[in-house]
Amino acid sequence: MLTLCAASLARAQAAPGPTPVPRPGPAVAWDEVASGVWRATVGVPDGVSLLDSVAAPPRHDALRRLPQAAFPLRREEIHAEETDGKVALRIPLAPGEELYGLGLEFRSVRQRGTVKQLHVDHYGGTDNGRTHAPVPFYVSSAGYGVLVDAARYVTVYAGTAVRKDSEHPPPVKDRNTDPTWTSMPLADAVEILVPARGATVYLFAGPTALDAVRRYNLYSGGGVLPPKWGLGFMQRVRTSSTADDVLREVDEFDARGYPLDVIGLEPGWQSAAYPGTFVWDSTRFPDPAGFMRVMTGRGVRVNLWINPYVAPRAPIFDALRPLSGSHTVWTGIVPDFTLPETRRIVLDLFRREHLRLGVSGYKIDEVDGYDRWLWPDHATFPSGLSGEQMRQLYGLTLQRATAAMFRERGVRTWGLVRASNAGAAPLPFVIYDDYYSHPDFITALANSGFIGVLWTPEVRSSKSGEEWLRRMQSVCFSPLAMLNAWADGTKPWSFPEVADQVREVMRLRIRLLPYLYTAFARYHFDGTPPVRAMALVDGFRVVDSAVTTAPNAGGDPYATATRRDVKDQFMVGDDLLVAPMFAGQRSRTVILPAGRWYDFHTGAYAGAGEIITATPGLDRIPLYVRDGAIVPLLAGAPTRVPAAGERIDLEARHYGDAPGRFDLYDDDGVSFDYERGAFSWTPLVVDRDRKGRLRGSVRRPSSDKPFGYRDVRFIMMPTH
Ligand code: GAL
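Residues numbered from 1 in each chain as written. Predicted model: local features only at pLDDT ≥ 70, side-chain atom pairs only at ≥ 80, totals over all residues. Heavy atoms only, no water.

## Overview of unusual backbone geometry
Next, step 1: Of note, the amide linkage connecting Gly206 to Pro207 takes the cis form, showing an omega dihedral of 15 degrees.
Next, step 2: Of note, Pro207 is situated in the loop between strand 12 (198-205) and helix 4 (209-219).
Next, step 3: Residue Tyr370 is reached from Gly369 by a cis peptide bond, and omega for that bond is 5 degrees.
Next, step 4: Following the sequence through the fold, Tyr370 ends up in the loop between strand 18 (361-364) and helix 9 (387-409).
Next, step 5: Even without being a glycine, Phe278 presents a positive backbone phi close to 70 degrees. (Helix = DSSP H or I, 4+ residues; strand = E, 2+ residues; numbered from the N terminus.)

This is the structure we're talking about:
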C-alpha cells in the first residue's frame, strides 16, 4: 500500500550533512489475480475502472494454458508515491528495452522516449496521446505488459523522466564538443502520473511480448469473434440516400460482381441528426420494415450510424433529460450510459425501432471529441462521474450497452466506434476516424494489435485511381473491409481504370474468410491479436537490429532513437505478412522475419530474415507467407460470405518446402453457441510421402461439429 514519501523526505531534509537524494515512494505490493497477471492498488483509486466498464470476466482457463511465468520485474524497483494530490508510479526499464502500445497512435510504433497524455480525442495529427483509444497499456520487448486502469488523463513518461538518483543515468555529454549529445537523454524507468488519489495497476507476464499482449487480452475477457458476415465487405452509402437508392446500389454491386455483405446507413436514415432522434426518416425510408425485409432477402446486413446526442424531438428526450449530463453536444443532451435506467430507455427504443426489423449493428460516431464540441472536463453527470471520467469511458459504455442487446437475442453484432479504451478486446467494434492519411492508417493498424483494439483504414475518396486501388488493397487486409461513401457517394468501381483490380482484391478478401475467421478465433480463444505489428513476430528482432542505421549514440545504452521504426508492414494471422503500397510508390522495401518467406500471389521464394525490395506493379499488394504455411481460401469467387449452414469448397494453399499444419476453425458464424462448445478445429496437414512429394490431408471433425466446408483441395504453390 502507498505511504507518502513526503514525510520521510522532510525528515531527511532536516538532517545535517550532504543534501539528501529524494527517493521515490515505497515499493508497490502485488497480488497475483490470474495466471501471470498481478494487480496492485496504489493510494485510494476513485472507483471508476475501465475494465469494469466493459465487465467481461477474465478468461482464466485460457490464461492458465499460457506458459508459466514468474513476476517479470524486480518488485523492489516498482515504486509509487503521492504528489500534488496525484499518484506517480515508477517502473524500471533495462537498456535496449523497447516499448509499444500506449494508445492508438498513427505515426510511431516504438514508444520509448515519448511523453503521452492519454486522452480520448479525435486524432489530430500528433502522437501525443490524444487519440480514439488512448489505452493506458504498454508492452515491453523484454516480455511483459503494464496497464493503469484509471478513467483519467494519465500521463506516461515512457523513459524520458530522468531522476537525479537514477541507478542507470544517461551519460553526461558536452553539447559544445560531443556530436552524440542528444536532446532526449533516456531514462531507466517509465514514470506514470495518474491525476487521482490512487490507481489500480496490472502487470502481465510474457515470456514473450506477444504472450504479455495475449494475457492482457484474455484478462480483458478474450478477443471478439465477429460474425462471419462482419469479415465480408461493408459499403456505407451517402448520407442522403433513400431506401430506393440503397436497393439500387445493392443491385449494382451484384450486377457488377463486387462482394457486399453489409450496407451502412449514414445520418440520413434518421428523421433528424446532430442531434439525433434514432427513428427512421419517413421521407427517405417510408417503410423501414419492408426495406429491411428486402435487404435480409438479398443477404445484405444493415448497419446504422448513430451518435448518442439526443434531439429535443426524439421520442426518448423527456425521459432522458434527467439522466443526462450538464452540457449538450450539438444541442443534444448527453445520456449517462453508466445508469441502468438510461440504458433501459435507449435500448428499448433501439430494440423496437431497429433490432426487431433486423438491423445488424451500429456505427457509434463522435464519442471521442474534439474538445470544441464535446462536453468540458468540469461537466457533471447524474451518476457522479466527472466530465473527464465520462470522456475516457463513454465509448466503452456505448459499445457494451449496444452489444448486450444483440447478445440477449443470441446473435453476434459487428460495428464501428470512434472511441474506445482499455479492456475493449471482447467488444465487437472496429475503430475508424476522419483523419485520412493512408500511410498513417497502416501504422494505426500495426499499433492496434498491442492494445486490444481493432482498426480499419477505411476508404472514402482518392485523388487518383492509383491511390484508390492502393487504399482498397490495404483495407481488404484489415479487420473491417469498408468503403465509407457518406460524403462522396463513391463506389468500389468509381475509378474505372482500376475497377477490375479493386474487384479482384475484394474477392480475395472474401476468399480469405477461412484464414481470417481462424485468426479471430485465436483472438477469442488464446488472446492472439489477428492483426499485429512486426515487433510481436518471433524472429523479427534479429532483422530489426540489422536495420539499425547507427550504433547506439556514443555508447549510451539507453539511446534507442537511432533504430528504425517499422510501421508500414504488419501481420494478419500467423502466416501472412502485408506490406501495403502507397500512391506514387513504384517499389518498397519489406523486412522479412527470420525463416524463409514466399510470395502469396505466385508462391515464389522471396527471402529469409532480410530486407527485400518489392516491385509488385499496380495490380497487387505485396503479401508474403511463411515456409510451410497453409492458407485456406474459399473456392470460386463468392460475393457474399457463406451463410450459416451453407457448405462451400475449400482451397488450401501450401507455401514453400517445409511440411505444415493449419488448424482451421469453424462454427455457425452467427450465434454464441461456440461459447458452449459448438465449434471445430480441423487440422489441414501437408507432409511428404515416401517419394518425398508434398501431399495434403484433412482430418474432418465429427459430424456433430459445425464445419462449413465440402471438398478440400490442396494446392502446392510452386516455389519458383
Ligand atoms: C463523421 C464520421 C463519418 C461520417 C460522418 C457523417 O464524423 O467520421 O464517417 O459518418 O460523420 O456525418
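## So, the packing of aromatic side chains
Geometrically, a pair of aromatic rings is defined through the distance of the ring centres and the angle of the planes.
Next, step 1: Tallied over the entire structure, the rule returns 45 aromatic pairs.
Next, step 2: Relative to Tyr523, the ring of Phe520 has its centre 6.4 Å away and its plane inclined at 70 degrees; by these criteria the two rings are edge-to-face. Within this pair, Phe520 and its partner Tyr523 are both found in helix 13 (residues 513-526), separated by 3 residues, close to a single helical turn.
Next, step 3: Classification of Phe520 by relative accessible area gives buried; the value is 3%.
Next, step 4: In this arrangement the basic side chain of Arg471 is found over the ring face of Tyr436, its NZ or CZ atom lying 3.6 Å from the centre.
Next, step 5: The ring of Phe679 has Lys705 lying over it, and the distance from NZ or CZ to the ring centre is 5.7 Å. (Phe/Tyr/Trp six-rings, centres within 6.5 Å; stacked < 30°, edge-to-face > 60°. Buried < 20%, exposed > 50% of the residue type's maximum accessible area, 1.4 Å probe, protein only. Lys NZ or Arg CZ within 6 Å of the ring centre and 35° of its normal.)

## Some words on the site of the ligand
Next, step 1: If you check the shell around the ligand, you find 13 residues, and the closest are Glu266, Tyr274, Lys363, Glu366 and Asp434.
Next, step 2: Tyr274 has a polar side-chain atom sitting 2.7 Å from an oxygen atom of the ligand.
Next, step 3: Separating an oxygen atom of the ligand from a side-chain N or O atom of Asn484 is a distance of 2.9 Å.
Next, step 4: By residue class, the composition of the shell around the ligand is 5 nonpolar, 1 polar and 7 charged. (Near = heavy atom within 4 Å. Polar contact = N/O pair within 3.5 Å; in protein donor to acceptor, adjacent residues only side chain to side chain. Nonpolar A, V, L, I, M, F, W, Y, C, P; charged D, E, K, R; others polar.)

## Structural notes on the packing of helix 12 (residues 499-511) against helix 13
Next, step 1: The geometry of helix 12 relative to helix 13 is characterised by a closest axis approach of 5 Å and an angle of 55 degrees between their N-to-C directions. The orientation of helix 12 with respect to helix 13, classified from their angle, is oblique. Contacts from Arg509, Ile510 and Arg511 of helix 12 reach helix 13 at Leu513, Pro514 and Leu516.
Next, step 2: Its residues assigned to classes, the contact of helix 12 with helix 13 shows 4 nonpolar, no polar and 2 charged. (Axes fitted to C-alpha atoms, helices over the stretch in contact; angles between N-to-C directions. Parallel < 35°, antiparallel > 145°, perpendicular 65-115°, else oblique. Contact = heavy atoms within 4.5 Å.)

## Some words on the sheet that holds strand 31 (residues 648-654)
Next, step 1: Pairing is mixed across the open sheet formed by 3 strands, whose spatial order is 30-31-35. With partners counted over all chains shown, the strands left at the sheet margins are strand 30 (630-634) and strand 35 (709-716), one partner each. Between one strand and the next, the sheet's axes are offset by a mean angle of 25 degrees, whatever the strand orientation.
Next, step 2: Sheet analysis places strand 30 next to strand 31, joined by 5 bridges and oriented antiparallel. Opposite Leu634, over in strand 31, you have Leu650 as the bridge partner.
Next, step 3: Contacts from helix 12 reach strand 30 and strand 31, with the element oriented near 105 degrees to strand 30. (Pairing = 2+ DSSP bridges.)

Take it as geometry only, folks, not as evidence of what the structure does.
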